[in-house]
Amino acid sequence: VQLQASGGGLVQGGDSLRLSCVVSGRTLSGHAVAWFRQSPGKEREFVAAIARTGGATYYTDSVKGRFTISRDSAKRTVYLQMNRLQPEDTAVYYCAVGARVITSSLGVATAYDYWGQGTEVTVSS
């Protein structure tokens, strides 16, 4: 199973970016998908997730109303639309997929089975 993340870049505050994560070797059906991020000197942080079943979405408070996670199961692709970006959003963003992630663990990095290589997002002020 491989996850290939892309879409990062250098933008100014207030701009938008859309990250993509293409999953090969496994269907997304029945799997939780998520985005995490990590800034220099900080631990990996949960950003957003879609539950295994039902399609419910979850976000960390700092991105609610600005970021939207979505999935296209036919394309095996997970997206993170990021609007009104702020310098605090600067980080390497990682996508993750998990077959047995329960709702209460969607924000726990160790609950996921597979990870992408990360795509860097830099937001200037």
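### So, the sheet that holds strand E1 (residues 2-6)
Sheets are built from strands paired through backbone hydrogen bonds, the pairs being either parallel or antiparallel. With antiparallel pairing, four strands are arranged side by side in an open sheet as E1-E3-E8-E7. The open sheet terminates on both sides in strands that have one partner only, identified here as E1 and strand E7 (67-72). The average undirected angle you get between the axes of adjacent strands in this sheet is 15°.

### As for the state of the cysteines
Note on terminology: disulfide describes a covalent bond linking the sulfur atoms of two cysteines. As enumerated under the stated definition, the model contains one disulfide in all. Two residues share a disulfide in this structure: Cys21 and Cys95, whose sulfurs sit 2.1 Å from each other. Taking the torsion about the sulfur-sulfur bond, which here is approximately 65°, the covalent link between Cys21 and Cys95 counts as right-handed. Of the two residues, Cys21 is situated in strand E3 (residues 17-24) and Cys95 in strand E9 (residues 91-98); the sequence distance between them amounts to 74 residues. For the pair Cys21 and Cys95, one class covers both residues: buried.

### Things to note about the pairing of strand E11 (residues 119-124)
Only one face of E11 is covered, namely the one carrying Thr119, Val121 and Val123; the face carrying Glu120, Thr122 and Ser124 has none of its residues buried. Of the pairings in the sheet, the one linking strand E2 (residues 9-12) to E11 comprises four bridges and is parallel in character. What sits directly across from Val11, in E11, is Val123. Bridge analysis of E9 against E11 gives three bridges, and the strand direction is antiparallel. Across the sheet, Val92 pairs through a bridge with Glu120, a residue of E11.

### Side note on the nonpolar core
In terms of nonpolar packing, the biggest core is built from 27 residues, with Trp35, Val47, Phe67, Ile69, Leu80, Met82 and Tyr93 touching the most fellow members. For this core, the elements supplying multiple residues, two or more each, are E1, E3, strand E4 (32-38), strand E5 (45-50), E7, strand E8 (77-82), E9 and E11. Here Ile69 is in contact with Val33, Ala34, Trp35, Ala48, Ala49, Ile50, Thr57, Tyr59, Val78, Tyr79 and Leu80, once residues within four sequence places are set aside. Counting residues in hydrophobic clusters, the runner-up holds 10 residues, among them Phe36, Phe46, Ala49 and Ala96.

Rules behind the numbers
Residues numbered from 1 in each chain as written. Predicted model: local features only at pLDDT ≥ 70, side-chain atom pairs only at ≥ 80, totals over all residues. Heavy atoms only, no water. Pairing = 2+ DSSP bridges. Helix = DSSP H or I, 4+ residues; strand = E, 2+ residues; numbered from the N terminus. Axes fitted to C-alpha atoms, helices over the stretch in contact; angles between N-to-C directions. Disulfide = S-S within 2.5 Å. Buried < 20%, exposed > 50% of the residue type's maximum accessible area, 1.4 Å probe, protein only. Core = buried A, V, L, I, M, F, W, Y, C linked by side-chain atoms within 4.5 Å. Contact = heavy atoms within 4.5 Å.

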